[in-house]
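These are the residues of each chain, in order.
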Amino acid sequence: MVPKGVFSTPLQGHLHCVPLSFSLFPRFRWTKSGQEFDPLMDPRLEKEDHSGTFVIPKNGNLSEFQGTYRCYASNNLGTAISEDMDFIVPNVPKFPKEKMDPIIVEEGEAFILECNPPKGIPPLQIYWMTIRLEPIEQDARVSIGLNGDLYFSHAEEKDSRRDYCCFASFPMIRTIVQKTAMSVVVNTSDDTSSDAANAILERKPSLLTPPDVRSEKQLVKGEDLELECIAEGFPTPIIKWEKLGHKLPDKARVEHHGKLLVVPSVDEGDNGKYMCKASNSHGVAQHFFTVTVEEPPEWVQEPRSQLHTIGSDIHIKCSATGSPPPVITWRVNGVPLEELTAPTTNRERLGDVIVLRRATAGNSAVYQCHASNRHGALLANANIMIMNLKPRFLTPEGREYSAVEGKAAILHCNVFGSPPPSITWSRDDSSGAVEGPRFTVHRNGSLEIRVVERGDMGEYRCLTNNTEGTAAIAATLAVRDPTRIIVSPEDVQILAGSAAQLSCSAEYDKSFNNDFELLWEKDDMEIASNQTEDSRYFVEDGLLQISNVSYEDQGRYTCVARTSIDQDRAEAMLVVLDVPDAPTNLVLSEHKNRGVKLKWSPGEDHGSSTTEFIIEYEEGQWEPGKWKELVRVPGNHGSALLKLHGNVDYRFRVAPLNAVGKGRPSEHTERYKTPPAAPEKNPENIKIEGHLPYEMDINWEPLLPIEHNGPGLEYKVSYRRQDLDEDWKEHTVKRHSFIVSATPTFVPYEIKIHARNQQGWAPEPRIVSGFSGEDFPSAAPDNVTVEVMNSSVVKVSWGRVHKDKLHGHLGGYRVNWWRLRSRTDAKKKGQHGERHTHAFPGDRGHGLLPGLTPFSEYSLMVMSFNGRGNGPGSHVVTFRTPEGVPEKNSAFRVMEVQKHTISLAWSPPREPNGILTGYQLQYQLINDTEGLGPLQTVNISDPAATKLTLKDLEALSRYRFYLRSCTTVGCGHTVTEDSTTTAKEREYFFIIYRPLSTGLPQRFGYTVRMLTCKSKSPLSLFPAGLGNAHQGISTQGWFIGLMSTIALLTLILLIACFVNRNKGGKYSVKEKEDLHPDVESQGMNDDTFCEYSDNDEKPLKGSQRSLSGQMAGGESGDSLVDYGDQEVQFNEDGSFIGEYAGHKDKRVSTEIKGPAQAPA
């Protein structure tokens, strides 16, 4: 194969020469500046294998390698050449050493300091500075020209100095060189008069550069046009630029104080004539530039490589454009066409075309077309091959292809032959060619199948032939299921700083299990996730998680499901919502006294449109550093007119607001102080009060400091009686209150408060009305009556007090009442009950008093009140409330529980609210699920009853009891109590002790006995007063020790009893008594002792009613063990009560089997 061109360029001492395409056994040679150059002959050069590239070492003398190089790559079929490569060895630029004489000029004279920088590799940058590296200041008078010289349009005395230094910078070689410092001496005139000085200095302009009147400028398209005019004269000339016949290009700009016109990246439209005009008060100087924009060569048609059969006619075309028009030259295998030694009769050049007629194999070669003008050159290689060749496949035999159902598939058949072979495709099961609208055979031999179907799977054959022979290859097509995204990511709007999540899943052909990937892209760039520990992106199983979302994460996210043959994509937008960025470029304009216009540029809104801008201010006098809101403007505004207060030193800032929240405020503006002015407003919220009858207090809300508008703020207080025709009385104060003395009681006044400062008065204030001080009312309401509405509410009516007796604003009427007694008491109480008060605001003659106790006697009185206080009370009225329903019973207890009976006790209601007629007791069974059985009712007609025993109850059943007290009006509120019957009757044990001798101190000894008995009320066993026989004994130390001993013995005895009972034995107190007779037990036996508790309704005469000496109505008579929240205690006489056959409440679901109790 012929080399298809050569890539070559010098790079850091490397001269590359590599064929652009495969070629068989290429040979390389080089020329240097038109002479043969063999890199192999110089041992200092490093050569690369399999290419013509060589490396010039960086050390040693490189200048001998400087020149223009060209590479030639050849094989048996031709030679390709490279473009010219320039290898430049730059010298270190230096200014020549020279002695500089001082430059002496007269004041007002123009002069130039020449730099003349040394040559070097561009770009070149010129700087003028002092020895101390301080830049020479440039202005309209002094400037640096494009050639690096320093121009002075006229000399001034300050130009005298000895250290003008020119510095030349070469960035490509990182070198800066300095010229010897120059000295300038400016001679000034001895005549100090201004007229003489002006006569010498002032003159019309003339151009220092460019010289003459006209010049030409040629540029290459794309370069920057720079036109320079530097003028001298005094006054300093002003430079202006024009384009004759046209306006200056929009992209043009003027720099260096008008002396330089720059038109960047010129094109044909920038051709034309330009003029600079320097003018001052004495005249004008002009210069005209003719600008021509030219172009380096550009290809119109490059010569293309061709393969033809022997005997063909071949046309090789090469054309290029440029300004000036490029010159086209031809080479064959690197040799100029004119220098070929072997004549070729069938080759002819016709303009930009070379024609080969009836070409032969000997015409095969590499043709080079070279197009050049003064701005550049182009070189192209074209491989022309003339041969007859049997078809040869470049595509391997038996290649397997995979295609996706519904997509396109391409089967390749790349064949080379001469003449070009024809190509047909067939299926393995058919000898005919593949045909149909879905099948296309392209010019390069590839078979394209559009919309692949399952039936297209199988083997295909590519058949090719030409005049030299025939060949065929086979290919296999497998049809796969398409890759499809089944769950697409959805658009997300999320707040900055939170975590975002996008999900995606796909289905694909299972044959791609090892070749399937699901990845994510952001704005068409693949997301590299999970690469570092601090990566905010995490991808797993189609889930993309982004932590700590920022505004940079906003964009288009694409889920890509990809196999080796197809892919599917789904997109979603992630919009990051955040507060807006702070506005910028705040500018104050249109200053008008106390008004100013504020402009700003809105910041980025971060996905949520700005709804408002909040303009805030800070003043530097009263609250410096504190920002306050001034005004709000809509979010689509970029400016606002601000109305300000006078004599305030303002500065402003703007804060944006959107649906997410308030953004960071902008930077503040510069200070703006408004001029002083008279106040714009008067005080508000004027209050007129009278704390004393003969005074009037006037108070008002003072103006804020910022509202003063200037120094010296004070208030003028004016007032006059409203009911009289009198003049205003005026007082000036600096505070915000004033007291008017010696006023009549409660008369109307007109008041106004007028503000002023040193600049003048505020607008006329409004007049407000008020009254002078109030006094107590002097009359009481009359005709007070009471109407009973129900048992707890009455209606009170009264006659209104005349307004002349009120002496103030009527606040309303106040009713005081108190309870005298309950009507159930036989006698009236000697003193009043608690007093109550109820106020009825406003001017009214009646009101309702709620919350009274029924069946009671009350008294009340009525009085009026105003702002000063209450007036005298009316005469006292007594009334009675009717009977009502009773309050709840104050106590309701279960006193004793047995297997089939429960004893209840209660106390009467604290307030019967009438005459009690009896009680209503109801009860019902409760099962395990809190279900309620039928409700049984017992009506107790005896109002003095306080206890009741219910019989025939279910054993081990839980009951709920309801009790209400009743009067003739009805029954009152209900109290409840729950209890559970036992499995069997209970047994009680008792401990009784007595001193051995009544005449001796109690610490000498006691007789102690313990008894057991089945009883319903053990409290009836002991005589009344026994508990009081030894009051205070519990505080004696010996008693405490004795009780501790008894408690320990009792515990041991209880354990023995339980063990005995569990063995089936029976504990007999009588047996113990027989074994140990005691005088204290004479006459007492089990039978007589048990008789004490046969009937709990009839306690023994003289027996005590409770352990404490009195029986509470709601106290239970059950064993102490029944109440786990109470501690087991001894009586004061030493007896102990407890049960050793304990019971346990159980919840069971049963029905009440006993008959309903008859009314008691």
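Being a predicted model, the structure only gives us computed values, none of them experimental.

Draft legend 1. Representation of the overall build of the protein chain within the structure. Within the protein chain, the secondary structure is distributed over 4 helices and 88 strands. Put simply, the protein chain has 1160 residues, and 43% of those count as buried. Considering only residue pairs separated by 6 or more positions, the protein chain has 65% of its internal contacts joining residues 24 or more positions apart. Working note: accessible area of the protein chain is about 62400 Å², and carbon and sulfur atoms make up 49% of it.

Draft legend 2. Just the pairing of strand S17 (residues 161-170), in detail. Of all 10 residues making up S17, 8 are buried, and the element is well covered by its neighbours. Where strand S14 (residues 125-129) and S17 come together, 5 bridges link them in antiparallel fashion. In the sheet register, methionine 129 faces S17, and the bridge partner there is cysteine 165. Summarising the sheet, S17 and strand S19 (residues 182-187) pair through 2 bridges and their orientation is antiparallel. Among the inter-strand pairings, tyrosine 164 is bridged to a residue of S19, identified as methionine 182. Bridge analysis of S17 against strand S18 (residues 175-178) gives 4 bridges, and the strand direction is antiparallel. In the strand pairing of S18, phenylalanine 170 is matched with threonine 175. In this structure, the hairpin formed by S17 and S18 is closed by a connection of 4 residues, where arginine 174 is found at a positive phi of approximately 50°.

Draft legend 3. The side chain of asparagine 363, seen in detail. If you trace the backbone, asparagine 363 turns up in the loop between strand S35 (353-356) and strand S36 (365-373). Beyond its immediate sequence surroundings of up to four residues, asparagine 363 is in contact with Thr344, Asn346, Leu356, Ile384 and Ile386.

Draft legend 4. Quick peek at the confidence of the model for the protein chain. Across the protein chain, pLDDT averages 83, with 83% of residues at or above 70. Confidence drops under pLDDT 50 across residues 1064-1160; counting only partners more than four residues distant or on other chains, this segment forms 193 contacts.

Draft legend 5. Region of interest: empty space enclosed by the protein. Summed over the entire model, instances satisfying the criterion amount to 1 cavity of 30 Å³ or more. As for the largest cavity, its lining consists of Ala140, Ser153, Ala231, Thr236, Pro237, Ile239, His257 and Lys259. Looking at side-chain class alone, the lining of the largest cavity contains 4 nonpolar, 3 polar and 1 charged residues.

Draft legend 6. Representation of the state of the cysteines within the structure. Scanning the entire structure with this criterion turns up 7 disulfides. Between cysteine 504 and cysteine 559 runs a disulfide, and the two sulfur atoms are separated by 2.0 Å. Here cysteine 504 and cysteine 559 share a disulfide; its torsion about the S-S bond, -75°, makes the bridge left-handed. You can see cysteine 504 sitting in the loop between strand S49 (500-503) and strand S50 (505-507) and its partner cysteine 559 sitting in strand S55 (residues 555-562), a full 55 residues away along the chain. Take cysteine 504 and cysteine 559: they sit in the same class, and that class is buried. For cysteine 165, which is in no disulfide, the shortest distance to another cysteine sulfur is to cysteine 166 and amounts to 9.0 Å. Taking the relative accessible area as the measure of exposure, cysteine 165 reaches 0% and is therefore buried.

Draft legend 7. Looking closely at the sheet that holds strand S33 (residues 335-336). Read from one edge of the open sheet, 5 strands run S29-S37-S36-S32-S33, paired in mixed fashion. In the strand order of this sheet, the two ends are held by strand S29 (306-308) and S33, each with one partner. Pairing of strand S32 (residues 327-332) with S36 involves 6 bridges; the strand directions are antiparallel. Its bridge partner lying in S36, arginine 331 is registered against glutamine 368.

Draft legend 8. Spotlight on a nonpolar patch on the surface. A contiguous nonpolar patch, built from Leu1048, Leu1049, Leu1051, Ile1052, Ile1055 and Val1059 and spanning about 580 Å² of accessible area, is present on the exposed surface. Tracing the backbone shows isoleucine 1055 in helix H2 (residues 1037-1062).

Draft legend 9. Here's a closer look at the packing of aromatic side chains. On inspection of all chains with the given rule, the structure shows 23 aromatic pairs. Put simply, the rings of Trp30, Phe37, Phe54 and Tyr69 pair up and form one aromatic cluster. The ring of tyrosine 164 carries arginine 161 above its face, with NZ or CZ at 6.0 Å from the centroid. Against the face of tyrosine 508 rests lysine 510, its NZ or CZ located 4.8 Å from the ring centre.

Draft legend 10. View of the pattern of salt bridges. Counted by the stated rule, this structure contains 54 salt bridges. A salt bridge links arginine 720 to glutamate 750, with the shortest nitrogen-to-oxygen separation between them at 2.9 Å. Of the two residues, arginine 720 is situated in strand S66 (residues 714-721) and glutamate 750 in strand S69 (residues 748-757); the sequence distance between them amounts to 30 residues. Judged by relative accessible area, which is 16%, glutamate 750 ranks as buried.

Draft legend 11. Inspection of the pairing of strand S53 (residues 537-540) at higher detail. The pairing of S53 with strand S54 (residues 543-546) spans 4 bridges and is antiparallel. For phenylalanine 538, the partnering residue across the bridge sits in S54 and is glutamine 545. Between S53 and the antiparallel strand that follows it, S54, lie 2 residues; aspartate 541 among them carries a positive phi value of about 50°.

The rules we used
- Residues numbered from 1 in each chain as written.
- Predicted model: local features only at pLDDT ≥ 70, side-chain atom pairs only at ≥ 80, totals over all residues.
- Heavy atoms only, no water.
- Helix = DSSP H or I, 4+ residues; strand = E, 2+ residues; numbered from the N terminus.
- Buried < 20%, exposed > 50% of the residue type's maximum accessible area, 1.4 Å probe, protein only.
- Contact = heavy atoms within 4.5 Å.
- Areas by Shrake-Rupley, 256 points an atom, 1.4 Å probe, with all protein chains shown as cover.
- Pairing = 2+ DSSP bridges.
- pLDDT = per-residue confidence, 0-100.
- 1 Å grid on protein atoms, 1.4 Å probe; cavity = no way out; pocket = protein on both sides within 12 Å on 5 of 7 lines; lining within 4 Å.
- Points joined across faces, edges and corners; volume = space filled by probe spheres on them.
- Nonpolar A, V, L, I, M, F, W, Y, C, P; charged D, E, K, R; others polar.
- Disulfide = S-S within 2.5 Å.
- Patch = residues over 30% accessible without salt bridge, like charges linked within 9 Å, V, L, I, M, F, W, Y side chains within 5 Å.
- Salt bridge = Lys/Arg side-chain N within 4 Å of Asp/Glu carboxyl O.
- Phe/Tyr/Trp six-rings, centres within 6.5 Å; stacked < 30°, edge-to-face > 60°.
- Lys NZ or Arg CZ within 6 Å of the ring centre and 35° of its normal.

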